[in-house]
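# Chains, contacts and geometry: an overview
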Amino acid sequence: MKDKNKKLGVILLGAGNSRRFGGRKQFFKINGEMMYLSMMKKLATIPNTEKILVTQFEEMKEEAKQYGFIPVMNEEPERGISSSIRLGIQALYEKEQQFSGILFAVCDQPYLSLESLERLVNGYLNEKQKIACLSYEKEMGNPVIFHPDYKKELLDLTGDVGGKKVVKRHIEEVFFVEVKQKRELFDIDEKQDVEKGNEIF
């Protein structure tokens, strides 16, 4: 069991160029709310956390502070998601803090429920495995929580390769938390995905 008294590090990845979407999908509104803001509000409800937002957009900075996030600017988003992961981890550990785990979330998952997010966090804190991952019928999705033991492997990622590579490398250490609806794990990559998301349950 992890040390529940230690903070959970939360890193919201929001610096992507979203080329397939046509740019700035983080600001696209689903059910009347911008996707990045919807995810930020959900993550803000998790107690005892240090929260980081990695972004390239100045417009996100004030909202980030309002919801308790430290904004970190990624000046080279074209280097891929690994650059945002690295910046987020470096910002978390700037003050020599210790964390029970590091949660990574993305901005383009508007259908994720707060209940599933809470079950993910509670599952990670109460189970012996060192990685917790949302899933639907064993298909992995985001968010994912890593034990700090995997910090170096995450920092060593390069290019447009995310934490899923580390998850697959240590699959025996993964605790799967099943979501109730498949669309909770659905991420918006292209504009037509907005319609697809409304059709998946």
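Heads up: these notes are all about the structure in this document. In this text, all values refer to a predicted model and were calculated from it rather than measured experimentally. (Residues numbered from 1 in each chain as written. Predicted model: local features only at pLDDT ≥ 70, side-chain atom pairs only at ≥ 80, totals over all residues. Heavy atoms only, no water.)

Moving on to the overall build of the protein chain. Per the secondary structure count, the protein chain includes seven helices and nine strands. Of all intrachain contacts in the protein chain linking residues separated by at least 6 positions in sequence, the fraction that spans at least 24 positions is 68%. Of the accessible surface of the protein chain, which amounts to about 10,000 Å², a share of 46% is contributed by carbon and sulfur atoms. (Helix = DSSP H or I, 4+ residues; strand = E, 2+ residues; numbered from the N terminus. Contact = heavy atoms within 4.5 Å. Areas by Shrake-Rupley, 256 points an atom, 1.4 Å probe, with all protein chains shown as cover.)

Turning our eyes to something else, we now look at the layout of surface pockets. As a volume, the second largest pocket reaches approximately 160 Å³. Taken together, K4, K6, L8, T45, I46, P47, N48, S100, E118, V121, N122 and L125 make up the lining of the second largest pocket. (1 Å grid on protein atoms, 1.4 Å probe; cavity = no way out; pocket = protein on both sides within 12 Å on 5 of 7 lines; lining within 4 Å. Points joined across faces, edges and corners; volume = space filled by probe spheres on them.)

If you look at the biggest cluster of nonpolar residues, it comprises 30 residues, and the most contacted ones within it are L12, L43, F69, L103 and I145. If you list the elements that add at least two residues to this core, you get strand 1 (7-14), helix 1 (35-44), strand 6 (99-106), helix 4 (114-126) and strand 7 (131-136). Contacts of L12, omitting those with residues within four sequence positions, involve Y36, M39, M40, L43, I52, L53, V54, F69, A105, V106 and C107. With 25 residues, the next largest nonpolar core counts I52, I89, I102 and V166 among its residues. (Core = buried A, V, L, I, M, F, W, Y, C linked by side-chain atoms within 4.5 Å. Buried < 20%, exposed > 50% of the residue type's maximum accessible area, 1.4 Å probe, protein only.)

This paragraph deals with the packing of aromatic side chains. Counted by the stated rule, this structure contains two aromatic pairs. A ring pair is formed by Y93 and F99, whose centres lie 5.2 Å apart and whose planes are at 80°; its orientation type is edge-to-face. Note on Y93: relative accessible area 17%, which makes it buried. Both rings, one in F104 and one in F146, keep their centres 5.9 Å apart while their planes meet at 75°; by these two values the pair is edge-to-face. Within this pair, whereas F104 is found in strand 6, its partner F146 is found in strand 8 (residues 139-146), the two being separated by 42 residues in sequence. Each member of the pair F104 and F146 is classed as buried. Over the ring of F69 we find K51; its NZ or CZ atom is 5.9 Å from the centre of that ring. (Phe/Tyr/Trp six-rings, centres within 6.5 Å; stacked < 30°, edge-to-face > 60°. Lys NZ or Arg CZ within 6 Å of the ring centre and 35° of its normal.)

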